[in-house]
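The lines below spell out each chain.
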Amino acid sequence: MPLVRIELVEGRTNQQLRKIADAVHAALVETIAIPEQDRFQVITEHETSHLIFDPEYLNIQRSKGIVMIQITMSSGRSLDLRKALFRRIAERLTAEAGIRSEDVLINLVEVAKENWSFGNGIAQYAAA
Amino acid sequence: MPLVRIELVEGRTNQQLRKIADAVHAALVETIAIPEQDRFQVITEHETSHLIFDPEYLNIQRSKGIVMIQITMSSGRSLDLRKALFRRIAERLTAEAGIRSEDVLINLVEVAKENWSFGNGIAQYAAA
Amino acid sequence: MPLVRIELVEGRTNQQLRKIADAVHAALVETIAIPEQDRFQVITEHETSHLIFDPEYLNIQRSKGIVMIQITMSSGRSLDLRKALFRRIAERLTAEAGIRSEDVLINLVEVAKENWSFGNGIAQYAAA
C-alpha cells in the first residue's frame, strides 16, 4: 500500500539504488507494520539541475547525495509511529546504503484506506 | 481536474501508451463524471530496476506489464463511485489496451476542490 | 516544506528551467510565507507524447509550453492565501520566465504539518 517515490541525482549504480529502496521498505515493515510483500516503489534519477534543494535549510547540511522520499500511504498512524518511521528510514539508509543522515528528506501523503486497488479493479482494503 | 500519473516499465510504443492513457481517462469520464476535456496525464517510463513491485502481494500475480496509476482528484466521491472507478479502469485497460487485470495498480489522492488552477492563476473550482 | 513537482515538455534550456523553478519558489515565499531556504523542487521533462493535456478545457487555450505544477505542502492556508498563491505563480511565471498564463496548471496537495522530515530522521515540524 505505500506507494514510495524516491528521487535522487543520477549516477548511482543499480545496486546502490536497490539498497536505498530496500532500506526504505525495511523501515516501513519494521515501524508501521507494512506487510513485507506490500512493496511498490518508483525510483527516478534526475540531472543535478533538475533536483533542486536548499543545502542548509533548518541548519541541516545537505549534499548532492540527497534522497527525496515521498510516501503515499493510508492514514491512521499515530504521530509516534510516524516519527519512528522517519527515524528508522534515516538510520537504515545510513547503515545499509551509505546515505548521510542529513540527506534524507521524507514526506508522507496520507489517503483513505479504501483509495487503493492492487489489481483486478478491486478496492482490496475497503470494508466488505 | 484529475492529475493522473501513469508509471510503467519502458518498452511500449507511443501508440500503446496512448491506449493506456485513453482507457484511464474514459473510465474517469464514465464512472465519476469527469468532463471529457478535463484531461491532464503524465506518463513516465522506467527501467525495470527502477519500478519495484511485489509480484504476488494479496495473491495477485503481477508481471513487468504493471501499470501504476496515481490519480489526484477532488474529494467527495462516494465509496461506491470510487469502487466503480477502479473496476472500470481495470476493465478498460484490459479490453482496450491489452493490460492484464492483475497488472493494474491504482491509488487515489483526494484534495480540496479549490486546490486547482487550470490556467491564468485562478482557482476555477473555488466558489465565487 | 513544499515539495514542488514541475512537469513540462522537453526542449527548454537549463537556464529557462531554472527561471521557472525560481518563479514558483518566489511566489511561495511571497504569498504564503514559505522561508526562502525551504526549497525542494523536482523538475521532470517529458516527451510530447507523454505529457497529455486538453488544449482548451474551461476555455483556456493551452500550448505545448504547458507547465504542470504539483505542490505538496502543509495544510492550513486560507482559501484567500491559496488563491493569492495561484495568482502570483502565474504572474511571476509570465513576467520572469516567459510562460503564457494559460499554460500554468497548479494543484495543491495538503498534508499534516508533522508529515515532513528534512533530514536526520526527525519530524522537525511536529510539536516538541
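Everything below is about the structure shown above.
Here the structure is a predicted model, which means the values were calculated and not measured.

Asker: For this particular structure, what's the right way to read the overall build of chain A?
Answerer: Summing up its helical and strand segments, chain A has two helices and six strands in all. Order of helices (α) and strands (β) in chain A, N terminus to C terminus: β-α-β-β-β-α-β-β. Its C-alpha atoms give chain A a radius of gyration of 15 Å, within 12% of the compact-globule value 14 Å for 128 residues. Counting only C-alpha atoms and orienting by the principal axes, one finds that chain A spans roughly 50 × 30 × 25 Å. Sequence-distant contacts, at least 24 apart, represent 74% of the contacts inside chain A between residues at least 6 apart.

Asker: Looking at this structure, I do not really get the interface of chain B and chain C. What am I missing?
Answerer: Interfaces are frequently sized by the accessible area removed from exposure as the parts join. Each partner contributes residues to the interface: chain B has 27 residues there, and chain C has 33 residues. Those elements that provide at least two residues to the side of chain B that touches chain C are α1 (14-32), β2 (40-46), β5 (104-111) and β6 (116-117) of chain B. Within the side of chain B that touches chain C, the residues separate by chemical class into 13 nonpolar, eleven polar and three charged. Pairing geometry for β6(B) and strand β5 (residues 104-111) of chain C, over two bridges, is antiparallel. Considered in β5(C), the bridge of B:Ser117 is made with C:Ile106.

Asker: It is not clear to me how the relation of the copies chain A and chain C should be interpreted in this structure. Could you clarify?
Answerer: In this structure, two copies of a chain are linked by a rotation about an axis accompanied by a shift along it. By a simple turn and slide, chain A fits onto chain C: the slide is 0.0 Å along the axis, the RMSD is 0.0 Å, and the turn is 120 degrees. Expressed as a symmetry operation, the mapping of one chain copy onto the other fits a three-fold axis. The C-alpha atom lying nearest the rotation axis in chain A is that of A:Val109; the distance is 4.8 Å. Interface overlap between copies: only 3% of the residues of chain A at the interface are likewise at the interface in chain C, consistent with a contact formed by different surfaces.

Asker: Explanation requested: unusual backbone geometry in the structure shown.
Answerer: Of all residues except glycine, most have a negative phi; of all peptide bonds, most are trans. A positive phi angle, near 60 degrees, is found at A:Ala33, a position not held by glycine. Along the chain, A:Ala33 turns up in the loop between α1 (14-32) and β2 (40-46). Taking the C-beta count within 10 Å as the criterion, A:Ala33 has 10 such neighbours and is therefore assigned exposed. One non-glycine residue, C:Asn59, lies in the positive phi region at around 60 degrees. Mapping C:Asn59 onto the fold places it in the loop between β3 (51-53) and β4 (67-74). C-beta crowding within 10 Å serves as the criterion here: with 9 such atoms nearby, C:Asn59 is assigned to the exposed category.

Asker: What is the right way to look at the pairing of strand β5 (residues 104-111) of chain A in this model?
Answerer: Looking down a regular strand, the side chains alternate between one sheet face and the other. All names here are of chain A. Of all eight residues in β5, six are buried, a share of seventy percent or more. Both strand β4 (residues 67-74) and β5 contribute to a ladder of eight bridges, which runs parallel. Its bridge partner being in β5, Val67 is matched across the sheet by Val104.

Asker: How do you make sense of the packing of α1(A) against helix α2 (residues 79-97) of chain A when you look at a structure like this?
Answerer: Relative placement of two packed helices is described by the angle separating their axes and the distance separating the axes. Residues and elements named next belong to chain A. Packing of α1 against α2 leaves a shortest axis separation of 8 Å and a crossing angle of 150 degrees. Handedness of the crossing formed by α1 with α2: right-handed. The residues of α2 that touch α1, namely those facing Gln16, Lys19, Ile20, Asp22, Ala23, Val24, Ala26, Ala27, Leu28, Glu30, Thr31 and Ile32, are Leu81, Ala84, Leu85, Arg88, Ile89, Arg92, Leu93, Glu96 and Ala97.

About the cut-offs
Residues numbered from 1 in each chain as written. Chains lettered and ligands numbered in written order. Predicted model: local features only at pLDDT ≥ 70, side-chain atom pairs only at ≥ 80, totals over all residues. Helix = DSSP H or I, 4+ residues; strand = E, 2+ residues; numbered from the N terminus. Rg over C-alpha atoms; globule rule 2.2 N^0.38 Å. Contact = placed C-beta atoms within 7 Å. Nonpolar A, V, L, I, M, F, W, Y, C, P; charged D, E, K, R; others polar. Pairing = 2+ DSSP bridges. Least-squares fit on C-alpha atoms with pLDDT ≥ 70 in both. Buried ≥ 20, exposed ≤ 12 C-beta atoms within 10 Å, placed from the backbone. Axes fitted to C-alpha atoms, helices over the stretch in contact; angles between N-to-C directions. Left-handed = near helix turned anticlockwise from the far one by under 90°.

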